[in-house]
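# Coordinate inspection notes
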Amino acid sequence: GQQVMQIPQYQHVQEGEDFTTYCNSSTTLSNIQWYKQRPGGHPVFLIQLVKSGEVKKQKRLTFQFGEAKKNSSLHITATQTTDVGTYFCAGGQGGKLIFGQGTELSVKP
Amino acid sequence: DGGITQSPKYLFRKEGQNVTLSCEQNLNHDAMYWYRQDPGQGLRLIYYSQIVNDFQKGDIAEGYSVSREKKESFPLTVTSAQKNPTAFYLCASRAGQQYAYGYTFGSGTRLTVV
């Protein structure tokens, strides 16, 4: 079946360093969504990308959707301890979302 | 405030028992979803419903059942046929085809088999 692969699984950074997580699909996606799940919490919607090559920014977060609509990335500039959590991408196909395995980010102060 | 309410937050089940997890939303969303989350894995789709009185199997439906008799409610039953039910269960909803708003998740139910 359709899969969405996300790497890395874990990322440990020093506060102030940058962080990037990558998402790849075996098939073309209609859209890509990104979610953040704090430890012990539930996923919270961050953003959606729909257009080929689209780039969106939310303060220190930059989201990209690949030209072929098969890959995406989330980049955080100058991480803070509040960025701790697991970041999931989710690709849309056939009215449902297929989630990646997530990247768990830890930030050392 | 609008949102999704899942109950209970923690649930313990003896082997061989069926249990039902509650999911209620007051967002007037058409579509509702059940996901299972295991450590180190992403969210896996169990069942989803795009409209009242209709639902479809997701990727891991075996051992689970659902109903959608009301727009607001989408309960999930974990049956004794589910061999490894210990997990974190998340219910989500989405406003029809309004992709731009993403999914709204409940706070989850943590099920443990004892």
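Since the model is a prediction, treat every value here as computed from it, not as a measurement.

Conventions and cut-offs
- Residues numbered from 1 in each chain as written.
- Chains lettered and ligands numbered in written order.
- Predicted model: local features only at pLDDT ≥ 70, side-chain atom pairs only at ≥ 80, totals over all residues.
- Heavy atoms only, no water.
- Buried < 20%, exposed > 50% of the residue type's maximum accessible area, 1.4 Å probe, protein only.
- Helix = DSSP H or I, 4+ residues; strand = E, 2+ residues; numbered from the N terminus.
- Pairing = 2+ DSSP bridges.
- Salt bridge = Lys/Arg side-chain N within 4 Å of Asp/Glu carboxyl O.
- Patch = residues over 30% accessible without salt bridge, like charges linked within 9 Å, V, L, I, M, F, W, Y side chains within 5 Å.
- Areas by Shrake-Rupley, 256 points an atom, 1.4 Å probe, with all protein chains shown as cover.
- Disulfide = S-S within 2.5 Å.

Residue and element names in this part refer to chain B. Of the two faces of strand S2 (residues 10-13), the one lined by Leu-11 and Arg-13 is fully buried and the one lined by Tyr-10 and Phe-12 carries no buried residue. Pairing analysis gives 4 bridges linking S2 to strand S11 (residues 109-113), with the strands arranged parallel. When the bridges of S11 are listed, Tyr-10 appears paired with Arg-110.

Residues and elements named next belong to chain B. What the rule picks out here adds up to 5 salt bridges over all chains. For the salt bridge of Asp-30 with Lys-71, the shortest nitrogen-to-oxygen distance reads 3.3 Å. With Asp-30 in the loop between strand S3 (19-25) and strand S4 (31-37) and Lys-71 in the loop between strand S7 (64-66) and strand S8 (76-78), this pair connects stretches of sequence that are 41 residues apart. Connected through salt bridges with shared partners, the residues Arg-36, Asp-38 and Arg-44 form a single ionic network.

In this section: a nonpolar patch on the surface. Residues and elements named next belong to chain B. Together, Tyr-10, Phe-12 and Val-114 make up an exposed nonpolar region whose accessible area comes to about 370 Å². One can find Val-114 in the segment after S11. Val-114 sits in the exposed class, given a relative accessible area of 58%.

What follows is about the state of the cysteines. Residues and elements named next belong to chain A. Within the structure shown, the criterion is met by 2 disulfides over all chains. Each sulfur in the disulfide pair Cys-23 and Cys-89 lies 2.0 Å from the other. Since a negative S-S torsion denotes a left-handed disulfide, the Cys-23-Cys-89 link at about 75° is right-handed. Highlighted residues: Cys-23 in strand S3 (residues 19-25) and Cys-89 in strand S9 (residues 85-93), separated in sequence by 66 residues.

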